[in-house]
Amino acid sequence: NDLANMMDVPVTSVIATCMNLGVMVAINQRLDAETINIVADEFGFKTKFVSADVIEAITEEEDDPSDLQPRPPIVTVMGHVDHGKTSLLDSIRNTNVIEGEAGGITQHIGAYNVKLPDGRKITFLDTPGHEAFTAMRARGAKMTDVAIIIVAADDNVMPQTIEAINHAGAAGVPIVFAINKIDKPGANPEKIKERLAEMNYLVEDWGGKYQSQEISAKKGIGINELLEKVLLEADLLDLKANPNRKASGSIVESSLDKGRGYVATVMVQNGTLRQGDVLLAGTYYGRVKAMFNERNQKITEAGPSEPALVLGLNGAPQAGDTFNVMDSDQEARNIAARREQLQREQSLRTQKMLTLDDIGRRIAIGNFQQLNIIVKGDVDGSVEALSDSLIRLSTEEIQVNVIHKAVGQISESDVTLAAASDAVIIGFQVRPSLGARREAEKQGVDIRLYSIIYDAIEEVKAAMEGMLSPEI
Ligand code: GDP
């Protein structure tokens, strides 16, 4: 019913389409992801699935503009491997330690804050590469305000550089180029700018709009100038937040610490997080027992754009999960439980599918009642004959269902359907398409090919008797 409403088509059409796929559904039945994909596709729609915590999102009240105050930018460094991301982050970390803070940053918590000589602040996400950036973005977290794309001047614009540029572009995040390793004898920054120009990324000193800075992360050359340019970019964004409200933001990373239990680095994006607050993060919750900064100092609060290591959650949320501060334990627990339920349902649908061998094993230990099969064949007659014979293998304990049968090669949508319904695909005198084979591998769907009907029946029968010898 929901799906029909979303597509604005009669619900009966959706049910009919499901039936054509061999899926018998009632009007209020929850469909699995793959069936939704296929049905939507039939009606000319593309699907996009959002994670459980987006479905069960907490909608925070909008801030009154008069309550907003400037906040520091959150910056991510991305680039090709070995071009100097780590060195740059280390260099910034070590040279920009808040005055009077002896010892500097002592622990890696996935993010840190630096204060420039003029008092302005920048927050760096210290996560490795754009995989993290993309993963977070896929989870709906928009944590980065400005991206530094680092390119080694003794190398070239590399595939990962281009990927990083595209990821930043897709996220609508402004870019500052850092052309690194200029201390090296073979360095040729102009070549890098030329390559960028060829890609339509014209840097400022070539008359374009993209800021770039030549740096040496190793020797500490050009770092302050780079940060100035980042701040210039950030100024254009007019970044603001309201520190005087309950905190919300995103998870940067989390882990289970032997001594301290679950620890999570949170990035506060609005409001102020305080010790004692009830935190809801993804599918977990808990009261904030203690908070630390990247200098391993105990803190009692963290405001907008400030990262903090938090103790007290009852599990490790995923990077990119959103967090909110709730009014009560009870409320946090309820929402966490609902999200977990949703997530479990989703993962059930994507977990590894059964192979005929597994089915044999499970039947042998007596916990299997249904065997779902998809039959594809070269001609209608054999498809019908094979399907009938397979259904007739049903016993009192095990029901054989042919959930879909058709003439033609085994397609990707056959595989998705099999994956969605724990089915095995049997091909008679037909082969899977390349796409279907790839998808089957990815989803762990068992495709069995036969050229003799008798063989197909015998093997399924053997599986049902829990006697099938594993495929070699
Ligand atoms: P990442 O893979 O992007 O994190 O790159 P790293 O920061 O680990 O740097 C890769 C290598 O390049 C290391 O051996 C660094 O010491 C070296 N490197 C990084 N920046 C510079 C630089 O400015 N000058 C020179 N000469 N070497 C650098």
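A short tour of the structure in this document, coming up. Owing to the predicted nature of the structure, the values given are computational and were not obtained by experimental measurement.

1. Details of the environment of Leu-89
- Take Leu-89: it is sitting in helix H5 (residues 85-95).
- Exposure remark for Leu-89: the relative accessible area of 5% places this residue in the buried category.
- Between the alpha carbons of Leu-89 and Ala-217 there is a distance of 8.4 Å; along the sequence they are 128 residues apart.
- With near-sequence residues (within four places) excluded, Leu-89 lies in contact with Val-77, Tyr-112, Phe-124, Leu-125 and Asp-126.

2. Some words on helix H2 (residues 11-20)
- Turning to H2, its buried residues are Val-14, Thr-17 and Cys-18. For H2, the arc enclosing every buried residue in end-on projection is 100°, short of the 170-degree limit, so these residues lie on one face. Away from its buried face by more than 90 degrees, H2 exposes Thr-12 and Asn-20.
- Next to the buried residues of H2 lie helix H1 (2-7) and helix H3 (33-42).
- Two residues or fewer after H2 comes Gly-22, characterised by a positive phi angle close to 85°.

3. Regarding the sheet that holds strand S4 (residues 121-125)
- Spatial ordering of the open sheet is given by S3-S4-S2-S5-S6-S7, a layout of six strands whose pairing is mixed. Since the sheet does not close on itself, it has two edges, and those belong to strand S3 (111-115) and strand S7 (211-214), each with one partner. Shown here is a sheet whose adjacent strand axes are inclined to one another by a mean of 25°, direction ignored.
- Here strand S6 (residues 175-180) pairs with S7 via four bridges, running parallel. Among the inter-strand pairings, Ile-179 is bridged to a residue of S7, identified as Glu-214.
- Taken strand by strand, helix H7 (residues 159-170) contacts strand S2 (74-79), strand S5 (146-152) and S6, and its axis lies near 170° from that of S5.

Parameters and conventions
- Residues numbered from 1 in each chain as written.
- Predicted model: local features only at pLDDT ≥ 70, side-chain atom pairs only at ≥ 80, totals over all residues.
- Heavy atoms only, no water.
- Helix = DSSP H or I, 4+ residues; strand = E, 2+ residues; numbered from the N terminus.
- Buried < 20%, exposed > 50% of the residue type's maximum accessible area, 1.4 Å probe, protein only.
- Contact = heavy atoms within 4.5 Å.
- Arc of directions from axis to C-beta.
- Pairing = 2+ DSSP bridges.
- Axes fitted to C-alpha atoms, helices over the stretch in contact; angles between N-to-C directions.

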